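For reference, the chains in residue letters:
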Amino acid sequence: VSTMLASLGYKNVVAITKVGKDSNCKELIKQMSKEGVDCSRMIVDSDVQTALAVLPIYSGTGGRGCFVNLAANTRFFHSEILQSLKNFKNHDAAIFHFGYPHITPQIQGKNLESLFIGVKEILDGPLTSLDLNGVDSNDSKEKHFDVLGPALRYVDFLHANIEEAECITGCAKGDFVNAAKWFIDKGVAIVAITMGGKGAYIEVTSSIDRMNQSKELSKRAQKWKGLSQNFPSYPLKIPNINSNGAGDSFVAGFLSSFLRDSLISFEDASKLALLCATRKILGIKDEWRMMQIVAIEKQVKDFQS
């Protein structure tokens, strides 16, 4: 997400994670720095290895596997993130995004809650964002709630794909409306559930009190209160689709709506998310920070013509 935001042209994107003092760490920092991400806050620990994931993309279906060594992720603590944030000279951040609590075992449950509470206090009320991955379909609904439950009321924006949402909420297969409602009822302000080629369903809380708990939501998204819509994906004309990174790009696109110079509508924020994911799949890398949405749509259409 940080890499995508930086590549879109946004400045002062800072990444905080724990890595080992190894070649994978060097390569990670090299690639992220090249895109414009500030990696100076990376926590380098010589006692661990940098986490590594291998994602094979299957020809024909475009599906993917995942082989992962969590390594440093198992020794990554919420207190380390908060301490790093305290050391920032400027605490006026617009967004705090955290990814994948299911694969950071020390940042789950009450610790995840403490992270989001601490972030709100230290950074003067940024928009808080949570992205899900590594959700094991064999785990019970109760176990998933133990990972996320206490923190959800402090999450302003949450993204999950449809399979993850079904596992966590226990909703019927394909029931994205009730899955989103489950998260909203637990205190999340905005929920986005992506469904690959079928687009995304996005819902915003109808509670004005919940919107006002977030400085950024109160300032930029008051008119979104109570809105929901199932947005279709943008058509793709390529034979083999590699969707690796599309979910992260979707999140970056949606979050970018809170970084624009002027307020935008709920519909346009949702389009930005889908456009960002589409551009990732197509391999379009031009900055878009100053581009209007119609221009981005035209860019995607022209790229495939």
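So, how was this worked out
- Along each chain, residues carry numbers from 1 onward, in the same order as the chain's sequence is written.
- The model is predicted, so local features are restricted to residues of pLDDT at least 70 and side-chain atom pairs to those at 80 or more, both for listing and for counting; the totals for chains, interfaces and linings are taken over all residues.
- Calculated side-chain values reflect all of the structure's heavy atoms, with hydrogen atoms and water omitted.
- In DSSP terms, a helix is any run of H or I states spanning at least four residues, a strand is any run of E spanning at least two, and both are numbered starting from the N terminus.
- What the globule rule says is 2.2 Å times the number of residues to the power 0.38, and the radius of gyration is computed from C-alpha atoms.
- Only protein chains enter the area calculation, which uses a 1.4 Å probe; residues under 20% of their type maximum are buried, those over 50% are exposed, and those in between are partly exposed.
- In this description, contact between two residues means that some pair of their heavy atoms is separated by no more than 4.5 Å.
- Calculation of accessible area relied on Shrake-Rupley with a 1.4 Å probe; when residues are assessed, cover is drawn exclusively from the protein chains displayed.
- Positive: Lys, Arg. Negative: Asp, Glu. His and the chain ends are not part of the count.
- Lysine's charge is taken at NZ, arginine's at CZ, aspartate's at CG and glutamate's at CD.
- The salt bridge criterion pairs a side-chain nitrogen of Lys or Arg with a carboxyl oxygen of Asp or Glu, the two atoms within 4 Å.
- For this analysis, a polar contact is any N or O atom pair within 3.5 Å, provided that within protein one partner can donate a hydrogen and the other can accept it, and provided that sequence-adjacent residues contribute only side-chain to side-chain pairs.
- Only protein atoms enter the calculation, which uses a 1 Å grid: trapped sets of points that fit a 1.4 Å probe without letting it out are cavities, open sets showing protein on both sides within 12 Å along at least five of seven lines are pockets, and any residue with an atom within 4 Å of a point is a lining residue.
- Grid points are joined across faces, edges and corners, and a volume is the space filled by probe spheres set on the points.
- Under the convention adopted here, Pro, Cys and the residues Ala, Val, Leu, Ile, Met, Phe, Trp and Tyr are nonpolar, Asp, Glu, Lys and Arg are charged, and Gly plus all remaining residues are polar.
- A patch is a set of surface residues, each over 30% in relative accessible area and not in a salt bridge, joined within 9 Å for like charges and within 5 Å for the nonpolar side chains Val, Leu, Ile, Met, Phe, Trp and Tyr.
- Pairing of aromatic side chains here covers Phe, Tyr and the six-membered ring of Trp, requires ring centres within 6.5 Å, and sorts the geometry by plane angle: under 30 degrees stacked, over 60 edge-to-face, intermediate tilted.

A. Quick look at the overall build of the protein. The helix and strand tally for the protein stands at twelve helices and ten strands. Relative to the globule expectation of 19 Å for 305 residues, the C-alpha radius of gyration of the protein, 18 Å, shows essentially globular dimensions. Per-residue burial for the protein yields a buried fraction of 48% across its 305 residues. Long-range pairs, those at least 24 residues apart, make up 68% of the contacts in the protein with a sequence separation of at least 6. For the protein, the exposed surface amounts to about 14800 Å²; the carbon and sulfur share of it is 50%. Measuring between centres, the 35 positive side-chain charges of the protein sit 4 Å from its 33 negative side-chain charges.

B. Looking closely at the pattern of salt bridges. The final tally for this structure, using the stated rule, is 14 salt bridges. Here Glu267 makes a salt bridge to Lys271, at a shortest N to O gap of 3.7 Å. Remark: Lys271 and Glu267 occur in helix H11 (residues 266–282); sequence separation between them is four residues, near one turn of the helix. Because the salt bridges share partners, they merge into one network encompassing Lys18, Asp45 and Glu80.

C. Quick peek at unusual backbone geometry. The backbone phi angle of Ala71 is positive, close to 45°, even though this residue is not glycine. Tracing the backbone through its elements, the reader meets Ala71 in the loop between strand S4 (67–69) and helix H3 (78–86). A positive phi angle, near 70°, is found at Tyr100, a position not held by glycine. Structurally, Tyr100 is set in the loop between strand S5 (95–99) and helix H4 (110–122).

D. View of the environment of Asn111. Structurally, the position occupied by Asn111 is in helix H4. Taking relative accessible area as the criterion, Asn111 reaches 31% and is therefore assigned partly exposed. With 150 residues separating them in the primary sequence, Asn111 and Asp261 have C-alpha atoms 34 Å apart. If near-sequence neighbours (up to four positions away) are discounted, Asn111 is found in contact with His78 and Gln106. Engagement of the side chain of Asn111 in a polar contact is seen with the backbone oxygen of Gln106, the distance being 3.1 Å.

E. Quick look at empty space enclosed by the protein. Evaluation of the coordinates by the stated rule reveals one cavity of 30 Å³ or more. Its boundaries defined by the atoms lining it, the largest cavity holds a volume of some 40 Å³. Arg220, Trp224, Ser257, Phe258, Ser262, Leu263 and Ile264 together form the lining of the largest cavity. Among the residues forming the lining of the largest cavity, the class breakdown is four nonpolar, two polar and one charged.

F. The arrangement of a positive patch on the surface in detail. Side chains of Lys30, Lys34, Lys280 and Lys285 sit close together on the surface and give a patch of like positive charge. Tracing the backbone through its elements, the reader meets Lys285 in the loop between H11 and helix H12 (293–304).

G. Local environment of the packing of aromatic side chains. This structure, assessed with the given rule, holds ten aromatic pairs. Ring geometry for Phe157 versus Phe254: centroids 4.6 Å apart, planes at 5°, classification stacked. Here the residue Phe157 occupies a position in strand S7 (residues 157–161), and Phe254 occupies one in helix H10 (residues 246–256), the gap between them amounting to 97 residues. Phe254 matches Phe157 in its accessibility class, with the two residues each being buried.

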